[in-house]
Amino acid sequence: MCVSKILHYSEHGCVSVCSECHQVQISFGTTVTTHAQQEFIEYCAFVKRMMKKYSFADNKYEKKVYIKTSVENLSLLYSAFDLENLDDLLSQSLLVLSAQTILEAENASKNN
């Protein structure tokens, strides 16, 4: 059974990680996705690239950023504003996850 720890929470969503299976769950808007930690890191980089690409959009509230997923018939639709908020949520979460990983490695080496 998963035991989740919140990495970061904002008005736009929440990112948590399971202390048992180490899966990362992203809740953003009305969407919830679950990723292995490496997939989460790759998704963070992808969102950052997309945010930079669309940061100069004429209307940053118009939902015109279409992202296909690996699930057939399921795509995500964001505005530049959404991408900014998602990037902030993911960046903060990635910092916390990185710090936790370092601390866990340090504690493991002390116990050995």
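Look a little higher up for the structure.
A brief report on the enclosed structure follows. Note that the coordinates shown come from a computational prediction; the quantities given were computed from them, not determined experimentally. (Residues numbered from 1 in each chain as written. Predicted model: local features only at pLDDT ≥ 70, side-chain atom pairs only at ≥ 80, totals over all residues. Heavy atoms only, no water.)

## Some remarks on the side chain of His35
Structurally, His35 can be placed in strand 4 (residues 31-35). Residue classification places His35 among the buried positions, given a relative accessible area of 13%. Among the polar contacts made by the side chain of His35, one reaches the side chain of Thr33 at a distance of 2.9 Å. Leave out the neighbours within four places in its chain, and His35 touches Gln23, Val24, Ile26, Phe40 and Tyr43. (Helix = DSSP H or I, 4+ residues; strand = E, 2+ residues; numbered from the N terminus. Buried < 20%, exposed > 50% of the residue type's maximum accessible area, 1.4 Å probe, protein only. Polar contact = N/O pair within 3.5 Å; in protein donor to acceptor, adjacent residues only side chain to side chain. Contact = heavy atoms within 4.5 Å.)

## Some thoughts on the side chain of Asp82
Along the polypeptide, Asp82 turns up in helix 2 (residues 80-111). Within the structure, the side chain of Asp82 is placed 2.4 Å from the side chain of Lys63, a separation counted as a polar contact. There is a polar contact of 2.9 Å between the side chain of Asp82 and the backbone nitrogen of Ser79. Beyond its immediate sequence surroundings of up to four residues, Asp82 is in contact with Phe28 and Lys63.

## Things to note about the packing of helix 1 (residues 37-54) against helix 2
In contact at an axis separation of 9 Å, helix 1 and helix 2 are set at 145° when each is read in the N-to-C sense. Our pair here, helix 1 against helix 2, has a crossing hand that is left-handed. On helix 2, the residues that touch Gln37, Phe40, Ile41, Tyr43, Cys44, Val47, Lys48, Met50, Met51 and Tyr54 of helix 1 are Ala80, Leu83, Glu84, Leu86, Asp87, Leu90, Ser91, Ser93, Leu94 and Leu97. Class assignment of the residues belonging to the contact of helix 1 with helix 2 gives a composition of 14 nonpolar, three polar and three charged. (Axes fitted to C-alpha atoms, helices over the stretch in contact; angles between N-to-C directions. Left-handed = near helix turned anticlockwise from the far one by under 90°. Nonpolar A, V, L, I, M, F, W, Y, C, P; charged D, E, K, R; others polar.)

Read these as spatial facts, not as claims about activity.
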